[in-house]
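Observations on the model geometry
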Amino acid sequence: MTVINTILVPLKRVVDANVRVRVKADGSGMALDGVKMSINPFDEIALEEALRIRERGEADEIVVATLGAQVCSQQLRGGLAMGADRAILVEVDRELEPLTVARTLLALVQREDSQLVIMGKQAIDGDNNQTGQMLAALWGRPQATFASHLSFNGGVATAMREVDAGLEVIEVDLPAVVTTDLRLNEPRYTKLPDILKAKKKPLETITLDELQVEPETQFRVLGIEPPAQRPRGVKVGSVDELVQALRQKELI
Amino acid sequence: MARVLIVAEHDGRSLNPSTAKCVSCARSFETSAIDIAVLAGDGGAVAAQAAALAGVTGVIRVDHPANEGALAAVAAPQVCEMAADYTHVFGPSTTFGKDLMPRVAALLGVGQLSDIMSAESAWRFKRPFYAGNAILTVEAPQDRPVVATVRTASYQAAESTGKAPIREQSVDAALPAHTRFIETRSDSGGGRPDLQTAARVVPGGRGVGSKENFELIYRLADKLGAAIGASRAAVDSGYAGNELQVGQTGKIIAPQLYVAVGISGAIQHLTGIKDAGVIVAINTDAEAPLFEVADIGLVADLFAAVPELIEALGG
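Residues numbered from 1 in each chain as written. Chains lettered and ligands numbered in written order. Predicted model: local features only at pLDDT ≥ 70, side-chain atom pairs only at ≥ 80, totals over all residues. Heavy atoms only, no water.

**A word on the overall build of chain A**
Going by this rule: Each helix corresponds to a stretch of at least 4 residues labelled H or I by DSSP, and each strand to a stretch of at least 2 residues labelled E; elements are numbered beginning at the N terminus. Whether a residue is buried, partly exposed or exposed follows from its accessible area with a 1.4 Å probe, protein chains only, as a fraction of its type maximum: under 20%, in between, or over 50%, in that order. Here, residues are in contact when the closest pair of their heavy atoms is within 4.5 Å. We get accessible surface area from the Shrake-Rupley algorithm with a probe of 1.4 Å; when it comes to residues, only the shown protein chains can shield them. Counted charges follow a simple rule, with Lys and Arg positive, Asp and Glu negative, and His plus the chain ends left uncounted. To locate a charge, the coordinates of NZ of Lys, CZ of Arg, CG of Asp or CD of Glu are taken.
If you tally the helices and strands in chain A, you get 6 helices and 13 strands. Based on the C-alpha atoms only, the size of chain A along its principal axes is roughly 70 × 45 × 40 Å. The buried share of chain A, taken over its 252 residues, is 56%. Taking the contacts inside chain A whose residues are at least 6 apart along the sequence as the reference set, 72% of them involve residues at least 24 apart. Total accessible area on chain A stands at roughly 11,400 Å², and carbon and sulfur atoms take up 48% of it. Looking at chain A, you have 30 positive and 37 negative side-chain charges, and the mean spots of the two groups are 6 Å apart.

Structure, rendered in structure tokens:
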């Protein structure tokens with residue numbers, strides 16, 4: 001018998017990592033019209049890890065979930081095509097702060113009786129790096145953040161974490177929240193037959209009301225502006241010129 | 001008036017400079033208190049260093065065997081207990097602070113602000129998002145604690161000219177046993193400066209080509225007395241350890257001199273060096289995006305240019 005019945009993997013729809021996004025000229029937000037959208041890369045790593053855990057026979061089922069508008073079902077279908085068993089779209093029509101997202105995920109964890117949540121350490125749009133830790137806190141369970149290796153022994157997970165000093169190893173009792181770093185794995189490519197198969201997999205749409213979560217906005221956005229630009233530099237033609245330039249700036 | 005509690009980052013012996021940067025952030029707006037909490041197994045030495053930081057009004061030393069491993073799940077309930085006396089709870093935007101502060105915020109039932117880069121007032125802050133392609137100005141409500149991480153590259157470390165009182169406090173909060181620290185593995189450094197705080201950094205990228213070739217980066221760094229850095233591509237390829245990664249999801253740094261070797265400069269990498277003093281780029285590809293932000297660019301084969309540069313820097 002497997003220890004983990006359901007792994008919950010939250011996926012966020014974000015601007016593709018290769019798109020260079022800019023602030024709208026009027027400062028009202030980011031210019032995102034017609035821009036390619038993808039699954040947040042860290043979440044893709046999370047799903048890949050969940051798939052490997054299930055393939056090793058250590059988990060029974062993988063549920064992917066997201067919060068957002070109907071259009072986010074594209075990313076859920078992408079997750080189903082990668083190999084998740086079913087998907088849940090929590091339909092919301094506005095941006096949510098990480099604390100509300102964490103409260104919603106907790107409601108999903110309880111609804112699905114999940115023993116393990118694997119999710120990206122941060123989304124590459126908001127760059128908050130908060131939701132996994134908040135979910136673990138609200139759930140009263142361990143967090144293994146920034147994981148680059150993960151293994152299980154009964155009800156205990158051992159995680160290697162990418163920290164500023166190098167690597168750290170911790171042990172956590174399940175249920176637990178794991179957030180992924182870049183080196184955890186390399187996500188698989190989806191094949192066309194899997195994309196077709198994914199269309200038949202269950203995708204359920206529910207509301208925050210059904211989960212009894214009251215969205216809360218705490219921070220008021222006063223403005224969005226482009227970052228300060230660095231002044232244009234110079235190109236030098238040789239190492240000698242480079243050394244001269246560094247001397248001139250009194251750096252050597 | 002604002003009362004700020006800063007959670008100290010340390011390794012049991014020394015206070016991490018990230019804490020002194022949080023102090024500078026707190027000093028940039030009006031406060032009536034800036035206290036530092038030192039959670040440790042034996043926090044004597046660290047508490048003394050914290051008490052010396054200019055602007056600090058007090059240090060709270062919490063010694064407990066469970067605080068040896070700096071686990072967020074263990075530290076968070078203790079920080080929450082102290083938070084009642086403060087309007088703000090800050091930690092550094094390092095892996096330590098990023099792990100801990102959201103857990104603190106959620107336990108307090110409030111949101112968290114990530115990566116404060118400047119404070120317009122005690123309740124109005126700027127922070128980057130979208131890999132630093134946009135800066136957000138946000139206002140936090142005054143009726144609840146502001147829990148935040150401070151972008152360390154945006155602040156100078158507070159000087160060690162003060163002498164704040166230190167008081168000891170015992171742990172009343174129930175501490176969880178579900179999370180256990182096993183070990184830290186670190187093979188970086190070799191006596192070189194710390195990447196996060198170094199005045200000079202020499203990073204290598206994919207162009208370096210192999211772990212063996214990275215020796216060239218080490219030689220140049222040693223010649224300049226610099227720390228080593230790496231692009232994501234170099235870390236993914238196994239040329240360098242993860243702790244050396246600079247960028248959106250690695251370290252955000254602000255050295256005086258950054259000599260990038262064989263790094264093309266993906267937007268995610270540039271995010272990590274926006275506040276560097278002088279950026280030097282050495283790359284064979286004249287179209288590499290790094291040249292757009294470099295102060296001094298040299299289009300050249302790094303395997304010829306770097307040995308020549310090492311030679312030119314002489315002894």
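**Some remarks on the overall build of chain B**
When its secondary structure is counted, chain B shows 9 helices and 16 strands. Counting only residues that meet the buried cut, chain B has 61% of its 315 residues in that class. Taking as baseline every contact in chain B between residues at least 6 positions apart, the subset at least 24 positions apart corresponds to 65%. For chain B, the exposed surface amounts to about 11,400 Å²; the carbon and sulfur share of it is 47%. When the 25 positive and 33 negative side-chain charges of chain B are each reduced to one mean point, those points stand 2 Å apart.

**Focus on helix H3 (residues 72-83) of chain B**
Residues and elements named next belong to chain B. Applicable threshold: Take the residue count of a helix, subtract one, and multiply by 1.5 Å to get its expected span.
End to end, H3 covers 15 Å across 12 residues, agreeing with the expected 16 Å (1.5 Å per residue, within 8%). The buried count for H3 comes to 11 of 12 residues, which makes it a mostly enclosed element. When we look at burial in H3, the residues that qualify are Ala72, Ala73, Val74, Ala75, Ala76, Pro77, Gln78, Val79, Cys80, Met82 and Ala83.

**Brief notes about the packing of aromatic side chains**
Put simply, the rule reads: The aromatic pairing rule takes the rings of Phe, Tyr and Trp, using the six-membered ring of Trp, and pairs them if the centres are within 6.5 Å, calling planes under 30 degrees apart stacked, those over 60 edge-to-face and the rest tilted. Lysine and arginine charges are scored as sitting over a ring when NZ or CZ, respectively, is within 6 Å of the ring centre and within 35 degrees of the ring normal.
For the structure shown, the criterion picks out 5 aromatic pairs over all chains. When the centroid spacing of 6.1 Å and the interplanar angle of 70 degrees are considered together, the rings of Phe214 of chain B and Tyr218 of chain B count as edge-to-face. With a gap of 4 residues between them, Phe214 of chain B and Tyr218 of chain B both fall in helix H5 (residues 214-224), about one helical turn apart. Between Phe214 of chain B and Tyr239 of chain B, the ring centres sit 6.4 Å apart and the planes meet at 50 degrees, which makes this aromatic pair tilted. Of the two residues, Phe214 of chain B is situated in helix H5 and Tyr239 of chain B in the loop between helix H6 (232-236) and strand E14 (257-261); the sequence distance between them amounts to 25 residues. Considered together, Phe214 of chain B and Tyr239 of chain B belong to a single accessibility category, that of buried residues. A network of ring pairs unites the aromatic residues Phe29, Phe90 and Phe125 of chain B as a single cluster. For Lys235 of chain A, the ring lying beneath its charged end belongs to Phe291 of chain B, and the centroid distance is 4.8 Å. When the ring centre of Tyr86 of chain B is taken as reference, the NZ or CZ atom of Arg3 of chain B above it lies at 5.3 Å.

**Side note on the interface of chain B and chain A**
Cut-off, in case you're wondering: Once two parts are put together, the accessible area they lose, assessed with a 1.4 Å probe and summed over both, is termed the buried area. Every case where a carboxyl oxygen of Asp or Glu lies within 4 Å of a side-chain nitrogen of Lys or Arg is listed as a salt bridge. Any two strands between which DSSP finds at least two bridges are classified as paired.
On the side of chain A, 75 residues touch chain B, which itself brings 87 residues to the contact. Interface area, chain B with chain A, both sides summed: about 7,000 Å², of which 54% is carbon and sulfur. Across the chain B-chain A interface, the total number found is 10 salt bridges. For Glu225 of chain A, the salt bridge goes to Lys126 of chain B, with nearest N and O atoms at 2.5 Å. By residue number, the principal contributor to the side of chain B that touches chain A is helix H4 (residues 95-108) of chain B, which donates 8 residues. Across 5 bridges, strand E12 (residues 220-225) of chain A lies against strand E8 (residues 134-139) of chain B in antiparallel orientation. Residue pairing for E8 of chain B: Gly223 of chain A is matched across the bridge by Thr137 of chain B.

**A closer look at the domain arrangement of chain B**
Residue and element names in this part refer to chain B. Which entries qualify depends on this criterion: Bear in mind that the domain bounds are from an automatic or database domain assignment.
Segmentation of chain B into domains returns domain 1 (2-168) and domain 2 (200-313). Inter-centroid distance (C-alpha atoms) of domain 1 to domain 2 is 31 Å. On the side of domain 2, 9 residues touch domain 1, which itself brings 8 residues to the contact. For the pairing of domain 1 and domain 2, the buried interface totals around 600 Å² over both sides, and the portion due to carbon and sulfur atoms is 43%. Three residues stand out in domain 1 for area buried against domain 2, namely Ala131, Arg151 and Ala153, and they jointly supply 70% of the buried area on that side. Between domain 1 and domain 2 we count 1 salt bridge in total.

**Focus: the nonpolar core**
Condition: To define a nonpolar core, start from buried Ala, Val, Leu, Ile, Met, Phe, Trp, Tyr and Cys residues and group those joined through side-chain atoms within 4.5 Å.
By size, the foremost hydrophobic cluster in this structure holds 52 residues, and its most contacted members are Val90, Leu108, Val117 and Leu135 of chain A together with Val89 and Leu100 of chain B. Looking at this core element by element, the count peaks at 8 residues for helix H3 (residues 98-112) of chain A. Filtering out sequence-adjacent residues up to four positions away, Leu100 of chain B remains in contact with Val7, Ala72, Ala75 and Ala76 of chain B. Residues Ala26, Phe29, Val38 and Leu113 of chain B belong to the second largest nonpolar core, which totals 47 residues.

**A look at the sheet that holds strand E9 (residues 146-150) of chain B**
Residues and elements named next belong to chain B. Spelled out, the test is: Between N-to-C directions, angles cover 0 to 180 degrees, with each direction set by a line fitted to C-alpha atoms, over the stretch in contact for helices.
Reading across the sheet, the 7 strands line up as E5-E9-E4-E1-E2-E3-E10 and stay open at both edges, with parallel pairing between neighbours. Here the strands that pair on one side only, and so sit at the sheet edges, are strand E5 (112-116) and strand E10 (166-168). Neighbour to neighbour, the strand axes of the sheet diverge by 25 degrees on average, direction disregarded. The strands that H3 touches are strand E1 (2-7), strand E2 (31-40), strand E3 (58-63) and strand E4 (88-92); relative to E2, the one it contacts most, it runs at about 155 degrees.

**Observations concerning helix H9 (residues 302-313) of chain B**
Where we set the bar: Note that the arc is defined by the directions from the helix axis to the C-beta atoms. Distance and chemistry together define a polar contact, namely a pair of N or O atoms within 3.5 Å, with one atom able to donate a hydrogen and the other to accept it when in protein, and with adjacent residues in sequence counting only for side-chain atoms on both sides.
The first and last C-alpha atoms of H9 of chain B sit 16 Å apart over 12 residues, in line with the 16 Å expected at 1.5 Å per residue. For H9 of chain B, every residue scored as buried is listed here: Leu302, Ala305, Val306, Leu309 and Ile310 of chain B. The buried residues of H9 of chain B all sit within an arc of 135 degrees when viewed along its axis, so they share a single face. The elements touched by buried residues of H9 of chain B are helix H6 (239-248) of chain A together with H5, E14, strand E15 (278-283) and strand E16 (296-299) of chain B. The opening residue of H9 of chain B is Asp301 of chain B, an N-cap whose side-chain oxygen sits 3.1 Å from the backbone nitrogen of Phe303 of chain B. After H9 of chain B finishes, the residue Gly314 of chain B shows a positive phi value of roughly 65 degrees.

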